[in-house]
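Observations on the model geometry
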Amino acid sequence: MNRSWLPILPGLAMALLLGGSAVQADPPPGAEAEAKPAQPSYRVPYQLTETKHILVRARINGKGPYHFIVDTGAPALFVSTESAQKHGLTAGPDGWAELDKLEIEGGAVLEKIKARVETPFQVSGMNAMGLPGIRLDGMLGYTVLAQFRIELDLTRPHMIWTRLDWTPPPPRPILDGGQAPNELAAMGGLMRLLQVFMQKRPEPVYIQRGFLGVQLAEKDGGVVVDHVLPGSPADKAGLRSGDRILRFHEKDVGSLKDLHGLAAEHASKQEVALEVERGGQKHAKTIRTERGL
Amino acid sequence: MTLLSALLLLVPFPPADPQVAVEPPKAVGKVTVPMEILKSKHIAVEIKVNGKGPYRVIFDTGSPVTLLGNRIAQDAGVISKDQARTPALFGARGMGTAKTLALGDLVVENMPVMVMDHPALRAAARALGPLEGIVGYPFFSRYRTTFDYQASTITFEPVEYSDAAGADLMQMVMLMMNDRSNKPIQKVQSPRTLWGFRLEKPTEDEESGVVIREVLPQSPAAEAGLEAGDRLLELDDVWTESVADAYRAAGGVSPGQKVKAKIKRGEMEKCVTIVPRAGL
């Protein structure tokens, strides 16, 4: 198997501002104020795409949410041409649009911020192939990120963004008024060529585990039903608090971790087959799951 | 497929890369390194590869790979002189391994690296001085990484992250090319917590949030005062625009954790605290 053409897919590495007028991003309102007692901090939820990109959602002028890559390798906020068009965001002749409001999931809001309306070849290529498993609308680069102290820990479900009390200097294009260098043009061309051979993968389908309505606890090296919600599927199937769950779809259950692993494995099933122990007796219980959390 | 075949011929390539074991980061505390903000507003840092360097590279959270240019890859012995001389599109040599990659006091062993002269990097280097590679996901995923643009520093604290090898983009693309069924990927959502509500997002529903259809008595949702008919707008700071969003939010929550939920009842928005329990 020859995989040799694939190095042209190093993902979203490095987006450049190539030409256009030097943008003067307006200072965010209030940024010049005297030192405040504490800068606000936000828990920013993110998703890791299949391509290992960090995806954060944001609303633009109240619309969205849109999907953005958190990209220290991008000099500004980029909104793809397609997404901008679809939602009536128009750029001036210099390629920049001013957003009244950029609202980042988790609560941070930036007002009067400029966005580059452009689709870097990395974004178009990945979208065309459906590689990330999610549609990308752009990138959050320097002009957004530099306004925060950003903590990223992939073992936790949120990033922490703390507002900084300064006005980051605006980015400048590195090649004034010039054209994209030949290699860059070649790369863009290759990405487009690749798209011809790839079919767009459809959006992912979510399979949510069924709802039983039991509160569980670990006890004496096993899993015990702590409480059964009245009217829940577990209640209807006759599960009671104190029941010890021995097996889940014929697999032994020694811990909550085991049980949750099995629940994920059998998420698409409409029925859950349990073996429980009650008063020294083993019982088989079949629970018809319902929708719910 | 002729065009693709032609494309394949353009790039010679070494034999398949061996699977590289990911080493956990050496036990060090917090390490802070300076970052240089380039005129282009990219972040540059200095790294050493196999003890050679320092080399000035871009630090890029948007890069799923760590990338070395041919010059430093050869200099550090990641590729041989002969390999470096073979003509290839963008000087692409595929994946290799750096025995060590050091950034300040941080040393990562067996770092998977892609060797290539990235055109964007070369264009930037012409304007900004030497830029010899990109440090990406396989590096920063091993740490709690804090960027402070105002102080021009990055701080790293080791974490136990199990998936630090990085994306095998090549494998993903190959799989997709071979899979002609065009089936969507399936993602299982199986939170470890019991909340006690049923959520719905009717297809014609254009309003923000999801509808809480049912709240079970004696459940954490009931104890938090939620009622059927409320709209759930946010759960644990996640915008719940779909039922899948709510399950994703719940998936990040541990039993017993106090979780903020923003709901809309009639025209009133309010925040409540839910404490979900271990359960199903």
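The rules behind each value
- Residues numbered from 1 in each chain as written.
- Chains lettered and ligands numbered in written order.
- Predicted model: local features only at pLDDT ≥ 70, side-chain atom pairs only at ≥ 80, totals over all residues.
- Helix = DSSP H or I, 4+ residues; strand = E, 2+ residues; numbered from the N terminus.
- Buried ≥ 20, exposed ≤ 12 C-beta atoms within 10 Å, placed from the backbone.
- Contact = placed C-beta atoms within 7 Å.
- Core = buried A, V, L, I, M, F, W, Y, C linked by C-beta atoms within 7 Å.
- Domains from an automatic or database assignment.
- Pairing = 2+ DSSP bridges.
- Axes fitted to C-alpha atoms, helices over the stretch in contact; angles between N-to-C directions.
- pLDDT = per-residue confidence, 0-100.

**Things to note about the overall build of chain A**
When you go through chain A residue by residue, the secondary structure sums to six helices and 17 strands. Each of the 293 residues in chain A was classed as buried or not, and the buried ones make up 44%. For chain A, long-range pairs separated by at least 24 residues make up 66% of all intrachain contacts whose partners lie at least 6 apart in sequence.

**What about the overall build of chain B?**
Each helix and strand counted, chain B has eight helices and 19 strands in total. Across the 280 residues that make up chain B, the buried fraction comes to 46%. A sequence separation of at least 24 residues applies to 60% of the contacts in chain B between residues at least 6 apart.

**Comments concerning the nonpolar core**
One recurring pattern in soluble globular proteins is that nonpolar side chains are buried together. Ranked by internal contacts, the top residues of the largest apolar core, which has 86 residues, are V56 and L145 of chain A together with V49 and V78 of chain B. Contact partners of V78 of chain B, with chain neighbours within four places excluded, come to V49, L68, A73, G96, A98, V113 and V115 of chain B. With 47 residues, the next largest nonpolar core counts V214, A234, V253 and V276 of chain A among its residues.

**A few points about the domain arrangement of chain B**
Domain assignment breaks chain B into domain 1 (18-178) and domain 2 (193-278). Averaged C-alpha coordinates put domain 1 of chain B and domain 2 of chain B at centres separated by 41 Å.

**So, the sheet that holds strand 9 (residues 148-152) of chain A**
A sheet is described by the order of its strands in space; here six strands give the open sequence 1(A)-10(A)-9(A)-9(B)-10(B)-1(B), paired in antiparallel fashion. Pairing within the sheet leaves two strands with one partner each, and these edge strands are strand 1 (41-45) of chain A together with strand 1 (31-34) of chain B. Each neighbouring strand pair of the sheet contributes to a mean axis angle of 20 degrees, computed without reference to strand direction. Of the strand pairs in this sheet, strand 9 (residues 143-148) of chain B and strand 10 (residues 153-158) of chain B are connected by six bridges, and their pairing is antiparallel. Opposite D148 of chain B, over in strand 10 of chain B, you have T153 of chain B as the bridge partner.

**Looking at the environment of S219 of chain B**
Residue placement: S219 of chain B occurs in the loop between strand 14 (210-215) and helix 7 (220-223). Spatially, the C-alpha atom of S219 of chain B lies 38 Å from that of T146 of chain B, the residues being 73 residues apart in sequence. For S219 of chain B, the residues in contact, after removing those within four places along its chain, are L229 of chain A together with W195 and G196 of chain B.

**Some remarks on the environment of A115 of chain A**
Residue and element names in this part refer to chain A. In this fold, A115 is placed in strand 7 (residues 109-117). For A115, a count of 23 C-beta atoms within 10 Å corresponds to the buried category. In this structure the C-alpha to C-alpha distance between A115 and V144, which are 29 residues apart in sequence, comes to 9.7 Å.

**Comments concerning the confidence of the model for chain B**
Regions with low pLDDT should not have their predicted coordinates read in detail. Residue and element names in this part refer to chain B. Confidence in the prediction for chain B averages 86 pLDDT; 84% of positions are at 70 or higher. Long-range and interchain partners of residues 1-21, a stretch whose pLDDT sits below 50, account for 29 contacts in this model, where long-range means more than four residues apart. Both confidence scores are given for the complex: pTM 0.87, ipTM 0.87.

**Some details on unusual backbone geometry**
Following G64 of chain A, the chain continues to P65 of chain A via a peptide bond in cis, the omega torsion being 5 degrees. Relative to the helices and strands, P65 of chain A is located in strand 4 (residues 63-70). Look at the link from G53 of chain B to P54 of chain B: it is a cis peptide, with omega at 5 degrees. Even without being a glycine, H249 of chain A presents a positive backbone phi close to 45 degrees. Its identity is not glycine, yet E250 of chain A carries a phi of approximately 70 degrees, on the positive side. Its location among the elements puts E250 of chain A in the loop between strand 14 (244-248) and strand 15 (251-252).

**Structural notes on the pairing of strand 15 (residues 231-235) of chain B**
Residues and elements named next belong to chain B. For strand 14 and strand 15, the ladder comprises two bridges, and the chain directions are antiparallel. In the strand pairing of strand 15, V210 is matched with L232. Both strand 15 and strand 17 (residues 259-265) contribute to a ladder of four bridges, which runs antiparallel. Bridge pairing in strand 17 places L235 opposite A261. Hairpin connection of strand 15 to strand 16 (residues 238-239): two residues between the antiparallel strands, including D236 at a positive phi of 55 degrees.

**Thoughts on helix 4 (residues 119-128) of chain B**
Within helix 4 of chain B, the full set of buried residues consists of P119, A120, L121, A123 and A124 of chain B. The first or second residue beyond helix 4 of chain B is G129 of chain B, which carries a positive phi of 90 degrees.

**Concerning the confidence of the model for chain A**
The predicted model of chain A has a mean per-residue pLDDT of 83, with 75% of residues at 70 or higher. Every residue in residues 1-12 of chain A is under pLDDT 50, and counting partners more than four places away or in other chains gives 50 contacts.

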